Structure formats: C-alpha cells, structure tokens
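Chain by chain, the residues run as shown.
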Amino acid sequence: MASTLQFKTNFAVSSKIEPFYKGGKVQVSKDEKHIFCTCGTRINVLQIATGKIVHTIEQDDQEDITSFSLSPDGEILVTASRALLLKQWNWRQGQCTRSWRAIHNVPVASMAFDCTSTLLATGGCDGTIKLWDVVKQYCTHNLKGSSGVVHLVEFHPDISLLQLFSSSADCVIRIWDLRSSKCLCVLESHFSAVTSLAFSLDGSTLVSSGRDKICTVWDLGKKKAKRTVPVYETVEGVVLLPEGEDHSDIGVKNKGLHFITAGSKGVLRVWEASSSKCVYTQTLPASTPAVEGGAEDDGHPRSLTYCLPMPLYGGLATVTAEHNILLYRLPELTVQQQFVGYNDDVLDVKFLGKEDTHIVVATNSSQLKVFELATSSCQILYGHTDTILSLDVFRRGLLFVSCAKDKTVRVWKMDPETGVAHCVAWGAGHSDAVGSICCSRLKKAFLVSGSQDSTLKLWELPETLPSADSEPARLSTQVTEKAHDKDLNSVCISPNDKLLASGSQDRTAKLWSLPDLSLLGVFRGHRRGVWCVQFSPMDQVLASSSADGTIKLWGLHDFSCLKTFEGHDASVLKLVFTSRGTQILTAGSDGLVKLWTIKTNECVKTLDAHQDKVWGLHTSSKDNQMVTGSADSNIIVWKDVTEEELAEEQAKEEDQILKQQELSNLLQEKKYLKALGLAISLDQPHTVLQVIKAIQQSEESQQLQKTVLKLRQDQKESLLRFCTVWNTNARNCLHAQAVIQVLLTHLSPEELLTFQGARSHLEALIPYTERHMQRIGRLLQGSMFLDYMWQKMRLTGATLSSGGLDDQEMDTSSIPGCQPVFVIDKTSSGGDDRRGAASPQPEEEMEEEQENLQHHHANAEEEEEEEGEDEEDGGASNKASLRPHNGVNGRSSVHVTYRDGSSEEEEDGEDDDDMVKVEKKGTKVTVCEATESKAAVQQSSPERPVYIQTEVR
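Computed from a prediction, not measured in an experiment: that's the story for all the values here.

1. Notes on the overall build of the protein
Consideration 1: Along the backbone of the protein there are 10 helices and 63 strands.
Consideration 2: When the 953 residues of the protein are sorted by exposure, 50% land in the buried category.
Consideration 3: When the accessible area of the protein is evaluated, it comes to approximately 46400 Å², of which 47% is carbon and sulfur surface.

Below you can see the structure in the form of structure tokens.
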C-alpha cells in the first residue's frame, strides 16, 4: 500500500460560501429565480436554485448603496449611493448603462418602479419625492410636502389611477395624484413608522403595518380605515394571503381578507381582517429560544426585518436580523430553503454526513449552521445560549458535538435521509467557557472537553439516544482532571481511544491515558501557547502548533521533539494530518494554509484565499477535500487536484512529443509554412530557430520570405519576439537578422507598431545589432588585409616542378615598377640578403612552409568561428592568427626595422604604408610596401630602408 501512496501537491477552490447580505433592502425578481441583496458598496444577485452568487453589481466610486429597485420586467436595475448618483444597470452583464445625478440634496432612502417599468419614484432624506421617466430619461415630478425621511414609496397596482403612496417620519401615509402632482389625502392611523404596504388584487383595499404594533386595513375608495388590528409586536412586513385557495392548514376558515405579519417575535402569524383575530401562529422547534418580552425591541437575532410575497413559488420570503433569508411554502408555512447572508467570524468547521455532503459551522453566535454543499441551503440549530467555540464529529459523520461559552456541551444527530439535525444530549459542569472538545474514534462511547477553567472532563455517551421529538438526554461526567495552569485550547483523542493529548496557553502539551485521565508525560519546547494538538493516524507521533509560528512533531515514547516546521509568520491555529499521516495541513492567523511533507520538512504548497485568521480546518473522510473557515466570514471547500495536474502534465508532454514528430515530418516533406506555424504554437524559440535554419538551407532562395509573409499576425508577433532572443547570441544573429529583414522590408511601420510589444522588441534589437555590425566590420577589415597580403606577396627562389602555374597557385609574377619585397631569412644560416633577394631554399622546405601556412589559415578560420560565439561584445578575438597591431585610439602602430638592426614603433595614419612580418619556427618573413620606383625609395631614405613589420602567431 505504501508504494501506491501519492503525496498531495496542490488544492483548488471547489466551492465558496461567502457573505452576500449585510443588511438593507432585499428584493425578489419577478420570475422568482433571483434574490437581490445589498452588501455595502455592491448588490449581490443570489440564484435561488443553487444558492450561488451569480452576479455582483459594484459601485465604481466605492460608495455605499442606500437603495435600489428592480423593474417588474426584470430588465432594469437602478441603484442610489451616498454620492447622490443614480445608476441604471444591465445587471445580467454587470454594466452601467446610464448614470445621472439625483436632484436630491441628500441620499435617496427609498425607491420603487411602477408596474409598466417606465416610471421610477425616489424618496429622499430631504422629504421630497421625485419621479423619473427611465425610458425618456428625465424627471417628471417633484413632490414636496413630506416631513423627514421618505422611507417608503409604492405605486398603486392600477396604473390608470396614476397614484403614488408614500410614508415618511411623520408616520402618515400620503396618496399623490401624479396628474396634478398634488397630495390627494393623508391616511392617519399609525403612531410610529410605517414599515410596509400591501394592496389587494382589485386595488380597493390596503393593509399597512407599523412599528407601533398595529396593522390597519384601509378602504381606498373612501380613503378611510376599515379596521385596526393589534398584533402586539413590532411589524416589519405584511403579505396578503392569495384569495380563492385552501389555507385551512394555517387556520383560515372563512373567505375574507387574511394577511401574514412578520415582526420582532421572529414568527409568522396569520390574521383575519374582519375579526382582527390571529388564526395561526408559527411554531418553532423545541430547541429554538423564544423571544422574551422586552427583548424584541433590542434587535433579537430571531426577529424578522422583511416579508416578501412569492406568488409563483407559492410561498413567501423572510429576512431575519441575523441576515438570514428563509423561503416558506404555503399553505403549511414550512421552511424550504434557508440562506445565510453573513456568517461573521467562523470559529470552527467540520464535514458532516456519510459522503461529506454537509458541513457544520460554528460562527460568532449561539447558533450552529449546517450547510448542504450542493445547494448552499442552510439549517440553523438552536440550543446554546452563548458563542459556540469548537466542534467535532464522530467517525460515521452523523453524530457531532459542540461546546460554547455557556459552559455546556451538546450532542447533535443528523437524519441521513432528510439532512435535518437536532440535539440529542447535553451536559453542564464546567465553571468557565468550554473551548475545545473531542469525540471517541472507534465507537460512540465518550467525549472529552477542555475548558478555560484549566480542567478536562470525560463525558459518557448514553447507549441509546432520544429521537427528535423527545427531550435531549443529560450527560454525566465520568472523570474530571486539573490539566494545565492556563486555558486549554485543544484536546485530541488517539485513533485507538487509549490516549488523550491536550494543548494549553501555558506553552505545553500533555499526554494522558484513557479513561482514567492519568498523566503520562509533558511535551515542552514551544515558546508560546499551544493552539492545536493532533495524533498521527499511522505513527506514534503527536503534532502540535503554537503561537510562536512553528509546528512540532513529538515522539510518544520519550516525549522528544522529532521535527520542527517553520514557515508561518504568525500563530498556527489549526493542523490536521493527511496522506495517511505523511503530510500535514496547517492554518495560521496570517490567513494562509500550508501543505507540508514530513519526510523532507518541505512546504509543498501555500494556499492564500482568506483575508483574516483561519480558525477552522478539516479534511473529508476520503481525504480528497478540505474545508477552511476564517474570520473574514468566508468558508471555502478545497479539492485535491494533484491527480488532475499530473494527468494534465502528462497530456501536455504527450502532445509535445506528437507535435515534435509532426514537425519533423513537415520539415522532411518541406512543408515549411505548416512547420513554422506549428513550431511557433509550441512557444519554443529554439525549435522555431531550427525551422528557420532548415528553410534557409532549402534550394529556393526566397523560401524564407515567402514563408514568413504567409504567417498570421499573431504568429509574426511571436516570431519578432523570438528574433529578439536570437539576436542576443552572435551564433544565431544571422538568422534573426534574415527574419527581421523580411519583416521590415515587407511590412509598413504602422503595421509593425500594431504588433503586441513591437516597440519594446525593436528597441531591444538595436544595441545587439550595433554590436554585431561592429564585429562584422572588424572581421571584414581583417579579411581585406589577408586578401591584400595574398595579392602582394611573392615567393622567390622557388623551384617549380612544372613549367605552368595552376589556377590555385599564387601569381608570383613581378609587379611593374616595384622591387621584390618578400624576404625569407633563415636565422640558422646567416644574415639577411642586403639586396632584398631571397636565399636559395630547398623544394621540400618550400612545400613544408606552404603546408604550415595552409594549416595556419585553417586555424585562423576556426578561431574566427569561435569569435562568433562571443555573446558579450561580438568583437574580434584576441587569438586572431593574422591581424594588424592596433595602437592607441584605434590607429595602426607601425613597427619600423632598419638595416642596422635597430627598430622603433611609429603611429600610422590612414594613408601610411602597411608592412607585415611573419615568424614561423625559426623562419623570419618580412613583407614591406612595394615602392613605385627605386628613386622613390632612395629619396625617402637613401641610407636606411624602412621595413614595416607585423607578426602572425
């Protein structure tokens, strides 16, 4: 099995649960497929079917959105911000189609469309109401008369009446006639802010709700109140029940008008308008705490802030003060879906279910949240009365435990069929907040809790757990032990249920035996508090993470530190073993998640997706997923992509091999255009260079030009980029210059500048091209000098075996008007011939000398090739066999030799005579400029003839 183990190398984000609603307006689209929610500077569009954020509308000016409205046809979204701007959006594309300045002097507080999606009403904090024609794009009305903030505007459903209803801080409802721009009447009944309006289908009846704990039924024909219904709670939303349907399940017996209220008590209630009686009250789960009297005015988490009708869905939507959105189905008023808009700090997270289909999350609240990963639908579990700090799950994934600041521990069970969880047991006994908890591993036998009161408690689990309808069982404490000097941060039970490890703020970790909780040893070495301890699933090793930023591995036999991992810049809050105990995943307060390989002490991967402390970290039962939860309110599910990346890499290698083979076949078939295009697609400059060389070696002289010009523009761009790389090397510069010549010759400057990065590529070509030109110029000068020497030298005294000269032999005929100037002096045989004549030389020595000269020229050519490999300056090599001796400032330094043996260096100008001196194995060869006549020589130096010498080494 060990041979098949594969180390993990990377994780990728599989799904993400992020905050999408932080308070403010909520609106359901007309087709009831999306929910629009305000979230600071943006509006998030939630897809109801999947629970995912499908669109995000964000302000460019980063100003908070104060109000928005979606047109009934679902096409136009208008937002208002604190910058006093109104923006019209195509929300499906996320584009702002129009922006104009609101005439309001203060931010817009409310907004509504009419049923035709042409008129938009905005209510400002300045007490004015303005109407806009969004089609013709102008302001049609400016209604004044309201006092204070206009927090509610609604159009009458019958557009032929052209009436607008509004409410402001004066707690009255005004009806405006849009034909005359005047207030028709004022409906006075409420003594506090009016929160919502609901119209009947025929438009003759209006129901209003307010924070004065009453609802009023209005007869719009008579403009009078028909009935006032006391509801005894602050009402934030009211919805009329559809007429003609059977709602007997919720207490509706008569056919009269009935409405549903949502308010501070956190429950939905059905009222009969004719009798002012409550005919139905929603029942909460037994574990759900009721809102007590007086608490409803303090913003209780259960209180409802919005109630929205959903006629197509056959239900309604409510929004809680904790930013949760619940969808109810009529007529039973059962919760079908629940979305959590804001999680606050995520303190712990665990996988749940047999196939890890759910996750349970502990946030900075007293409620547990169980998310279904497929739909992001959430179930909220009530039971604790203070912030939940830690979670753990039993082996099979259906039973889990929690502990909280309320000094209690609770056991929960999830129904595998419905996914509904409920509390089955609870225990109390700690004197301070319970910060850590752990379950037994082999079977559902016991659990251990660690508290801030520095004690450990072992709780025995009852053999039979009560059902969902029964009261939770009471847990009993078996053993209590004073464990540490400071708060306990973590407890962990070994895979065989025989050992317990604990980590504390006192900078130590301790090992205990189970079930008697006797101390076995202490692990010392961390410089700060220990945040987490974990047993290895395979070895007798304990891992601990600390606030000192390190992770340590300890041996259970001698309690010694085996390894230390350093890499986090801050506290390491959580760790788990993975890959059968061969790797470790760690999460820190720096927001990073790191993957370590134990054998090599190497950090394989760092995952950066959180913006704050990562408190929660857990792996799935199949070890192919992990979930992280952070203080930034984000919950991220990661999947192991090691195999996918490996398969992708192998596929790329196979594809490269196939393309290389195809490239070779194309070159063999001389299909240069396809070959060059394929080489460019591989993005390998060396491969493209080989294709260019093959094209240049073809028989047709214009093949390169024809091939390059047939390329697409993107291929030419890549080719120009490759030429920039080739041109830096003297060995490849000729091929680069050939391609550049074709591009510059046949493409206009305007067309070249359209290439991506053309300007930078051309600028990079200039300096190296100048260097290559200087190097070639020096090589050309050297070659011209050799040619000049070859033409001027004359071998004297050579005995020709044949009367004629071959075409390959040097022309040794005398130049008219010139004296013989090539002198061979053998140092072993005596002095120079004063008359300039060569001494007799055997034919064998002449042939040997010619062979040496040919060998010397071959060496010179090889050294010239080596000179081309110089990338730094492209200059001429110092190893040149035959060259002029350069003096100061690039001028020729002339070595002058006189007949008496004396010599001196003279600086030669451009028009000075050139001379050569050649030394080879004891043979001195002196070459001097041929003078036009003896008189000229005698006139220039009658007594001391001048010999200009240079050396060939």
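Picking up after the structure, the text goes on.
2. A word on the confidence of the model for the protein
Consideration 1: The share of residues in the protein with pLDDT of 70 or more is 81%, and the mean pLDDT across the chain is 82.
Consideration 2: Within the protein, strand β61 (residues 916-920) has the poorest average pLDDT of any element, 38, and strand β48 (residues 541-546) the best, 96.
Consideration 3: The low-confidence segment residues 796-810 (pLDDT under 50) makes 11 contacts with residues lying over four places distant or belonging to another chain.
Consideration 4: For residues 817-845, every residue scores under 50 in pLDDT, and the model assigns this stretch 44 contacts once sequence neighbours within four places are set aside.

3. Let's talk about the sheet that holds strand β5 (residues 53-58)
Consideration 1: With antiparallel pairing, four strands are arranged side by side in an open sheet as β2-β3-β4-β5. Both edges of this open sheet fall to β2 (26-28) and β5, since each of them pairs with a single strand only. The mean inter-strand angle of the sheet, taken between neighbouring strand axes irrespective of direction, is 20 degrees.

4. A short note on the state of the cysteines
Consideration 1: The full count for this structure, using the stated rule, is zero disulfides.
Consideration 2: Free cysteine Cys438: the closest other cysteine sulfur is in Cys492, separated by 5.0 Å.
Consideration 3: Judged by its relative accessible area of 2%, Cys438 falls in the buried class.

5. What to know about the side chain of His358
Consideration 1: Tracing the chain through its elements places His358 in strand β31 (residues 358-363).
Consideration 2: There is a polar contact of 2.7 Å between the side chain of His358 and the side chain of Thr357.

6. Considering the packing of helix α3 (residues 685-696) against helix α5 (residues 713-726)
Consideration 1: Relative to each other, α3 and α5 sit at 95 degrees, their axes nearing to 10 Å. Between α3 and α5, the interaxial angle falls into the category roughly perpendicular. Mapping the contact onto sequence places Pro685, Val688, Leu689 and Ile692 in α3 and Leu719, Phe722 and Trp726 in α5.
Consideration 2: Residues belonging to the contact of α3 with α5 are distributed by class as follows: seven nonpolar, no polar and no charged.

7. Some remarks on a positive patch on the surface
Consideration 1: Side chains of Lys354, Arg395, Arg396, Lys413 and Lys444 sit close together on the surface and give a patch of like positive charge.
Consideration 2: Structurally, Lys444 can be placed in the loop between β38 (434-439) and β39 (446-451).
Consideration 3: Note on Lys444: relative accessible area 45%, which makes it partly exposed.

Procedures and definitions
The numbers attached to residues start from 1 for each chain and follow its sequence in the written order. Whole-chain, interface and lining totals are the exception, using all residues; otherwise, since this is a predicted model, local features are given only for residues with pLDDT of at least 70 and side-chain atom pairs are given and counted only at 80 or more. Excluding hydrogens and water, the side-chain figures rest on all heavy atoms present in the structure. Only runs of H or I of at least four residues qualify as helices and only runs of E of at least two qualify as strands under DSSP, and these elements are numbered from the N terminus. Accessibility here uses a 1.4 Å probe with only protein chains present; expressed as a share of the type maximum, an area under 20% marks a residue as buried, one over 50% as exposed, and anything in between as partly exposed. In this description, accessible areas are obtained by the Shrake-Rupley approach with a 1.4 Å probe, and a residue is regarded as covered only by the protein chains that are shown. For every residue, the predictor assigns a confidence score, pLDDT, that lies between 0 and 100. When checking whether two residues touch, look at their non-hydrogen atoms; a contact exists if any pair is within 4.5 Å. Between any two strands, at least two bridges found by DSSP are needed for them to pair. Interaxial angle, 0 to 180 degrees, is taken between N-to-C directions of lines fitted to C-alpha atoms, where a helix line uses only the stretch in contact. In this description, a disulfide is simply a cysteine sulfur pair whose atoms lie within 2.5 Å. Counting of polar contacts relies on pairs of N or O atoms within 3.5 Å, with two restrictions inside protein: one atom must be capable of donating a hydrogen and the other of accepting it, and residues adjacent in sequence are counted only when both atoms are side-chain atoms. Oblique is the label for any angle not under 35 degrees, not over 145, and not in the 65 to 115 range, which are roughly parallel, roughly antiparallel and roughly perpendicular in turn. Classes in brief: Ala, Val, Leu, Ile, Met, Phe, Trp, Tyr, Cys and Pro nonpolar; Asp, Glu, Lys and Arg charged; the others, Gly included, polar. Note on patches: the residues involved have over 30% relative accessible area and no salt bridge, like charges join within 9 Å, and the nonpolar side chains Val, Leu, Ile, Met, Phe, Trp and Tyr join within 5 Å. Criterion for a salt bridge: a side-chain nitrogen of Lys or Arg within 4 Å of a carboxyl oxygen of Asp or Glu. Think of it this way: Lys and Arg go in the positive column, Asp and Glu in the negative one, and His and the chain ends go nowhere. To locate a charge, take NZ of a lysine, CZ of an arginine, CG of an aspartate or CD of a glutamate.

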